[in-house]
Amino acid sequence: MNRLLTSYKLSLVFPLKAFSCVSGMNMAFKDDEKNMVSIHSDHVKEFYTMPIKYVTRPLPPELDENKVKSLMDTLENPNTEQQVPPIDVLWIQGREGGNYYFSFGGCHRYEAHMRLKRENIKVKLISSTVESLQTYLGSSAPDLK
């Protein structure tokens, strides 16, 4: 199911569990010979179309240009566009109730959307915590209000 997020302020409550992850771990595994599955969002079936400008990517990506170009070709073709899976986005509520969205994986998909100047990107929202964000960013984690 796809929902369009019209604002970065979510009024929906998601029944998702928080998790923590060690930075640098491979966050995908094969569930069969063809499908790569995220260990964080495999249980999340619902995805959203979100304004890409609200997704924060705090770490610089290491990109394979051929992969980015291939994804761009796939996204530009209306017959294949739906084959590009959503990116995982950590949804964190700050101490004063603000909503923040961080993505650490899906760098090739994100970059393909950016180069095509797409305003929206498909995402799977994973409810998370400031403590989990600190696992990724350490003392560089921002003060989320």
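Check the entry above for the structure.
Residues numbered from 1 in each chain as written. Predicted model: local features only at pLDDT ≥ 70, side-chain atom pairs only at ≥ 80, totals over all residues. Heavy atoms only, no water.

Draft legend 1. The nonpolar core, seen in detail. The biggest cluster of nonpolar side chains holds 12 residues, and these are Y48, M50, I52, V55, I87, V89, W91, Y101, Y110, I121, V123 and L125. Mapped by element, the contributors of at least two residues to this core are β4 (47–51), β6 (87–93) and β8 (120–128). Once residues lying within four places of it in the same chain are set aside, the contact partners of I52 are Y110, H113, M114, R118, E119, N120 and I121. I92, I126, L137 and A141 belong to the second largest nonpolar core, which has 10 residues in total. (Core = buried A, V, L, I, M, F, W, Y, C linked by side-chain atoms within 4.5 Å. Buried < 20%, exposed > 50% of the residue type's maximum accessible area, 1.4 Å probe, protein only. Helix = DSSP H or I, 4+ residues; strand = E, 2+ residues; numbered from the N terminus. Contact = heavy atoms within 4.5 Å.)

Draft legend 2. Representation of the packing of aromatic side chains in the model. Using the criterion set out here, one finds one aromatic pair in the structure. For the ring pair F104 and Y136, a centre distance of 3.9 Å and an interplane angle of 5° mean the geometry is stacked. Of this pair, F104 sits in the loop between β7 (99–102) and α2 (107–115) while Y136 sits in helix α3 (residues 130–137), placing them 32 residues apart in sequence. Per residue, the accessibility class of F104 equals that of Y136, and both read buried. The ring centre of F47 lies 5.5 Å from the NZ or CZ of K122, which sits over that ring. (Phe/Tyr/Trp six-rings, centres within 6.5 Å; stacked < 30°, edge-to-face > 60°. Lys NZ or Arg CZ within 6 Å of the ring centre and 35° of its normal.)

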